[in-house]
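Chain and residue survey
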Amino acid sequence: MLCFLRSHRVFSKLPLRTWRTLSTAAPSFPVDDHDVLPTSRSPIVAKLQFFNSITGGNGQIPTYRVLDGVGVPVEGAQIPQINEEFARRLYEYMVLLPTIDNILYSVQRQGKISFYMTSYGEEATIIGSAAALAPDDEVLGQYREMGVLLWRGFGMNAVMAQCFGNHEDKSGKGRQMPMHFGSPELHFHTISSPLATQIPQAAGVGYALRRDPARRHKNIACVYFGEGAASEGDFHAGMLLASTVPSPTLFLARNNGFAISTPSHEQYYGDGIAARGPGYGIDTVRVDGNDVLAVMNAVTEARKRCLESGRAVLVEAMTYRVGHHSTSDDSFAYRGRQEVENRKKIDNPIVRFKLYMESKGWWNEQEEEALKTRLKKDVMATLKRAESLKQSDLRDLFTDVYGGEEPWNLREQREELAALIRKYGDAWEPWRNDLKLFRDGGKKLVD
Ligand SMILES: Cc1ncc(C[n+]2csc(CCOP(=O)(O)OP(=O)(O)O)c2C)c(N)n1
Ligand SMILES: [Mg+2]
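My aim in this report is to walk through the structure given alongside it, one point at a time. (Residues numbered from 1 in each chain as written. Chains lettered and ligands numbered in written order. Predicted model: local features only at pLDDT ≥ 70, side-chain atom pairs only at ≥ 80, totals over all residues.)

Notes on the overall build of the protein
Broken down by element type, the protein carries 18 helices and 8 strands. The buried share of the protein, taken over its 447 residues, is 39%. Across the protein, every contact between residues at least 6 apart in sequence was considered, and the portion connecting residues at least 24 apart equals 75%. (Helix = DSSP H or I, 4+ residues; strand = E, 2+ residues; numbered from the N terminus. Buried ≥ 20, exposed ≤ 12 C-beta atoms within 10 Å, placed from the backbone. Contact = placed C-beta atoms within 7 Å.)

Here's what the structure looks like:
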């Protein structure tokens with residue numbers, strides 16, 4: 001059963017009247033005034049009891065799953081009503097992610113792009129959630145959610161353009177590090193590196209949606225963040241904001257076990273991120289993030305609750321970051337190779353769904369081979385194309401940074417660069433070569 005948790009539902013198992021009857025001292029004053037707290041519906045009890053679990057009995061919040069580790073439906077689980085075509089689409093996008101990751105990771109190693117981040121191991125969390133959202137729900141990602149954009153039709157050329165920072169990069173005209181995607185058309189807010197800043201922003205976006213009559217009961221804001229980002233103050237600010245100024249905001253924690261080198265057991269002492277939801281009066285569920293169908297069900301229900309109640313919901317997807325944190329990291333400095341090798345095999349999100357597809361007669365080894373060959377070929381073709389394109393106009397370095405008039409400090413920097421280009425642009429070979437990389441050759445800056 002997909003079980004969402006609310007703290008008051010867990011603790012207030014007995015109705016208020018029953019608690020009153022249990023109270024031993026016979027009141028000599030009107031009951032209604034004196035055995036009810038002024039600011040809480042908390043039942044009055046005589047037993048001194050401390051709590052450190054929101055499930056009662058000191059248990060941990062359960063994890064919802066639909067398929068077991070080898071793709072067999074768990075007894076009693078409800079499989080989402082998806083047809084063969086949709087299942088194939090889910091699978092194809094899950095396989096596309098590591099295909100792009102394999103290629104762009106090595107392209108970074110060859111020095112052709114400056115940085116890259118993989119989503120190895122988190123394919124089901126990313127694609128399953130993307131599939132459960134409406135295409136025009138507002139998404140605020142952290143940085144490992146490229147798959148959401150791809151699911152929405154961003155396309156591989158756009159991925160490459162952003163990572164290479166070429167003139168086709170609409171996310172930021174080549175001014176951002178790779179992986180900092182954004183697309184107003186696809187309702188995907190541009191990624192920013194400072195952790196957790198997207199979380200309170202999402203509560204604001206959710207509130208804006210609620211205030212807009214055209215989108216009030218139609219769209220939600222969905223914010224992705226890691227369990228590490230949830231240690232930032234901004235996480236709590238965002239949750240509190242969405243709780244007290246209600247908004248249809250879906251908080252989606254990707255608990256992948258690590259925040260770079262900090263394992264999640266050093267990140268929190270409580271029961272993960274999910275335990276915090278009821279503290280804010282937010283409906284919460286923990287889901288097996290390696291089970292694409294469970295993620296889909298959980299996010300579909302979470303989205304429905306957001307829309308119906310106009311309030312926030314928290315989903316914690318439990319997964320494992322198989323890859324290094326980024327190309328700037330060597331994770332074997334802080335975790336064993338064997339642990340990673342084991343995790344690649346246990347509950348692998350792609351294999352698990354493939355086995356399910358095969359059991360339905362929707363997939364076979366020939367199709368697997370054909371898909372892998374086709375995706376690799378497509379990614380390589382877009383890579384070649386992206387490599388051949390020039391970078392944006394050098395002048396774009398200074399435009400669209402702020403709205404309105406160009407501020408004095410940017411004007412000064414622009415004029416200084418223009419003066420240097422006039423002086424060295426033709427005369428000095430390294431500058432001559434570098435300027436050729438830009439579409440305008442730096443000319444628009446000096447004109
Ligand atoms: C405010 C801030 N502090 C530190 C960093 C450096 N940093 C970048 S990613 C990261 C780890 C985040 O881990 P998590 O939120 O679990 O996401 P994951 O990488 O596991 O997907 C850190 C510490 C940052 N970008 N911003
Ligand atoms: Mg993490």
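A few points about the sheet that holds strand β1 (residues 138–140)
Taken together, the 6 strands give an open sheet; going across it, the order is β2-β1-β3-β4-β8-β7, and neighbouring strands pair in parallel fashion. The open sheet has two edge strands, β2 (188–189) and β7 (283–288), and neither has a second partner. Where strand β4 (residues 249–255) lies against strand β8 (residues 313–318), 6 bridges are found, and the strand directions are parallel. Across the sheet, Phe-251 pairs through a bridge with Leu-314, a residue of β8. (Pairing = 2+ DSSP bridges.)

Here's the deal with the pairing of β4
Taking burial as the measure, the 7 residues of β4 include 7 buried ones, the bulk of the element. Burial of β4 is two-sided: the residues Thr-249, Phe-251, Ala-253 and Asn-255 facing one way and the residues Leu-250, Leu-252 and Arg-254 facing the other way are all buried. Relative to β4, strand β3 (residues 221–226) runs parallel, the two being bridged by 6 bridges. Of the residues in β4, the one forming a bridge with Gly-226 is Arg-254. For the crossover from β3 across helix α9 (residues 233–244) to β4, the handedness is right-handed. (Right-handed = clockwise from strand over helix to strand, strands pointing away.)

Considering the packing of helix α5 (residues 123–132) against helix α12 (residues 292–309)
Two numbers describe how α5 lies on α12: the axes approach to 8 Å, and their chain directions differ by 40 degrees. Relative to α12, the element α5 is oriented oblique. The crossing of α5 and α12 is right-handed. When α5 is examined against α12, the residues Ala-124, Thr-125, Ile-127, Gly-128, Ser-129, Ala-131 and Ala-132 are found in contact with a partner set consisting of Val-292, Val-295, Met-296, Val-299, Thr-300 and Arg-303. Its residues assigned to classes, the contact of α5 with α12 shows 8 nonpolar, 4 polar and 1 charged. (Axes fitted to C-alpha atoms, helices over the stretch in contact; angles between N-to-C directions. Parallel < 35°, antiparallel > 145°, perpendicular 65-115°, else oblique. Left-handed = near helix turned anticlockwise from the far one by under 90°. Nonpolar A, V, L, I, M, F, W, Y, C, P; charged D, E, K, R; others polar.)

A few points about the site of ligand 1
Neighbouring residues of ligand 1: 15 residues in total, closest Leu-195, Gly-226, Gly-228, Ala-229 and Ala-259. Here the shell around ligand 1 is composed, by residue class, of 6 nonpolar, 5 polar and 4 charged. (Near = placed C-beta within 6 Å.)

As for unusual backbone geometry
The backbone of His-187 shows a phi angle near 60 degrees, a positive value even though the residue is not glycine. His-187 sits in the buried class, given 20 other C-beta atoms within 10 Å. With a phi angle near 55 degrees, Asp-400 is a residue other than glycine that sits in the positive phi range. In this structure, Asp-400 sits in the loop between α15 (365–388) and α16 (408–424). Looking at Asp-400, the number of C-beta atoms within 10 Å reads 9, which means it is exposed.

Shape is all these values report; function is a separate question.
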